[in-house]
Amino acid sequence: QKEVEQDPGPLSVPEGAIVSLNCTYSNSAFQYFMWYRQYSRKGPELLMYTYSSGNKEDGRFTAQVDKSSKYISLFIRDSQPSDSATYLCAMSGVGTNDMRFGAGTRLTVKP
Amino acid sequence: DSGVTQTPKHLITATGQRVTLRCSPRSGDLSVYWYQQSLDQGLQFLIQYYNGEERAKGNILERFSAQQFPDLHSELNLSSLELGDSALYFCASSVRGGTAGDTQYFGPGTRLTVL
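Residues numbered from 1 in each chain as written. Chains lettered and ligands numbered in written order. Predicted model: local features only at pLDDT ≥ 70, side-chain atom pairs only at ≥ 80, totals over all residues. Heavy atoms only, no water.

Novice: If you had to explain the state of the cysteines to someone new, which residues and values would you point to?
Specialist: Considering all chains together, one arrives at two disulfides over all chains under this definition. In this model Cys23 of chain A forms its disulfide with Cys89 of chain A; the gap between the sulfur atoms is 2.0 Å. Here the disulfide of Cys23 of chain A and Cys89 of chain A is left-handed, its torsion about the S-S bond being about -100 degrees. Here Cys89 of chain A lies in strand 9 (residues 85-93) and Cys23 of chain A lies in strand 3 (residues 19-25), a separation of 66 residues in the sequence. For the residue pair Cys23 of chain A and Cys89 of chain A, the accessibility class agrees, reading buried in each case. Through a disulfide, Cys23 of chain B is tied to Cys91 of chain B; the S-S separation comes to 1.8 Å. (Disulfide = S-S within 2.5 Å. Helix = DSSP H or I, 4+ residues; strand = E, 2+ residues; numbered from the N terminus. Buried < 20%, exposed > 50% of the residue type's maximum accessible area, 1.4 Å probe, protein only.)

Following this line, the structure appears as structure tokens:
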């Protein structure tokens, strides 16, 4: 079993839909949770960053962390074609720089 | 543009050969990370350097080595290349690198193809 599990998709939604992306993990030491967006042929770019449990909102994006269930989510409201990309979850523990990434979910938002 | 630069963009070589990938971090960032991204393994952390010193090691093969120079640029050396080493290699940098949560900024990557 991988430390971080993420459904690779692909996921296809119509423009304006609410998108839900999820990851589960097994290492209870993880405290920092991140979502990266990666466009084709580009490097990952940090979208959201959350420490420990809770919700964080930034514009159309909301990140949720449920440490009791070892489950994190990223919601995208009013999705746009420009949101079409691969979304990777990542996490790490306190005192370490070793980030573990999910496999990435490929999202396509159709106009 | 993240501010992290990587050269070359593409590299095609043969099995058994050795290549060097180069990374320049964002201005002011002291820490450099190397990652490998392949279709079957996803994004894998290889190694981290902080201000010239090795800070953390991930799933890096013995055939691979890295270093960070006094001007903070970094090089990843891959030797005795195998077909399975074909992948995207990313460099990332961060300001401190001393604690988790220090935001990492990724470069555009080097695509390595081993024939």
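After that view of the structure, there is still more to cover.
Novice: How would you summarise the sheet that holds strand 1 (residues 5-7) of chain B if you had to cite specific residues and measurements?
Specialist: Residue and element names in this part refer to chain B. Reading across from one edge, 1-3-8-7 is the order of the four strands in this open sheet, with antiparallel pairing throughout. Because the sheet does not close on itself, it has two edges, and the strands there are strand 1 and strand 7 (64-68). Adjacent strand axes in the sheet meet at a mean angle of 15 degrees when their direction is disregarded. As judged from the five bridges shared by strand 3 (residues 19-24) and strand 8 (residues 74-78), these two strands associate in the antiparallel manner. Residue pairing across strands places Arg22 opposite Glu75, the latter belonging to strand 8. (Pairing = 2+ DSSP bridges. Axes fitted to C-alpha atoms, helices over the stretch in contact; angles between N-to-C directions.)

Novice: Break down the pattern of salt bridges for me, with residues and values.
Specialist: Within this structure, the stated rule accounts for seven salt bridges over all chains. In this structure, Arg37 of chain A and Glu45 of chain A form a salt bridge, with 3.2 Å as the shortest nitrogen-oxygen distance. With a shortest N-O distance of 2.8 Å, Asp29 of chain B and Arg26 of chain B are connected by a salt bridge. In this structure Asp29 of chain B comes out as buried when scored by relative accessible area, which is 2%. By relative accessible area, which is 21% here, Arg26 of chain B ends up partly exposed. Salt bridges here are not isolated pairs; linked through shared partners, they connect Arg63, Glu82 and Asp85 of chain B. (Salt bridge = Lys/Arg side-chain N within 4 Å of Asp/Glu carboxyl O.)

Novice: Describe the nonpolar core, listing the residues and the values that go with them.
Specialist: Membership of the largest hydrophobic core comes to 24 residues, with the highest contact counts inside it found for Trp35, Ile72, Leu74, Tyr87 and Met91 of chain A. Those elements that place two or more of their residues in this core are strand 3, strand 4 (30-38), strand 5 (45-51), strand 7 (61-66), strand 8 (71-76), strand 9 and strand 11 (105-110) of chain A. Counting residues in each nonpolar core, the second largest holds 21 residues, with Cys23, Leu46, Leu76 and Leu112 of chain B among its members. (Core = buried A, V, L, I, M, F, W, Y, C linked by side-chain atoms within 4.5 Å.)

Novice: Before we move on, can you summarise the environment of Pro8 of chain B with the specific residues and values?
Specialist: Residues and elements named next belong to chain B. Turning to its location among the elements, Pro8 is positioned in the loop between strand 1 and strand 2 (10-13). Sequence-wise, Pro8 and Gln36 are 28 residues apart; in three dimensions their C-alpha atoms are separated by 15 Å. With near-sequence residues (within four places) excluded, Pro8 lies in contact with Thr20, Gly109 and Thr110. (Contact = heavy atoms within 4.5 Å.)

Novice: Give a detailed account of the packing of aromatic side chains, specifying residues and quantitative values.
Specialist: If you walk through the whole model with that rule in mind, you get twelve aromatic pairs over all chains. Geometrically, the ring pair formed by Phe90 of chain B and Phe106 of chain B is edge-to-face, given 6.3 Å between the ring centres and 80 degrees between the ring planes. Separated by 16 residues along the polypeptide, Phe90 of chain B in strand 9 (residues 87-94) and Phe106 of chain B in strand 10 (residues 105-106) bring together distant segments of the chain. Here Phe90 of chain B and Phe106 of chain B have matching classes, each one buried. Following the ring pairs from residue to residue traces out a cluster consisting of Tyr36 and Phe101 of chain A together with Tyr35, Phe45, Phe90 and Phe106 of chain B. Its end group placed over the ring of Tyr105 of chain B, Arg26 of chain B keeps NZ or CZ at 3.8 Å from the ring centre. (Phe/Tyr/Trp six-rings, centres within 6.5 Å; stacked < 30°, edge-to-face > 60°. Lys NZ or Arg CZ within 6 Å of the ring centre and 35° of its normal.)

Novice: Mind laying out the side chain of Gln44 of chain B, listing which residues take part and the relevant values?
Specialist: Residues and elements named next belong to chain B. When you line up the elements, Gln44 lands in strand 5 (residues 42-50). Side chain to side chain, Gln44 and Asn59 meet in a polar contact 2.7 Å long. The residues contacting Gln44, other than those within four sequence positions of it, are Trp34, Tyr35, Gln36 and Asn59. (Polar contact = N/O pair within 3.5 Å; in protein donor to acceptor, adjacent residues only side chain to side chain.)

Note that every value here comes from positions in space, so none of it alone points to a role or purpose.
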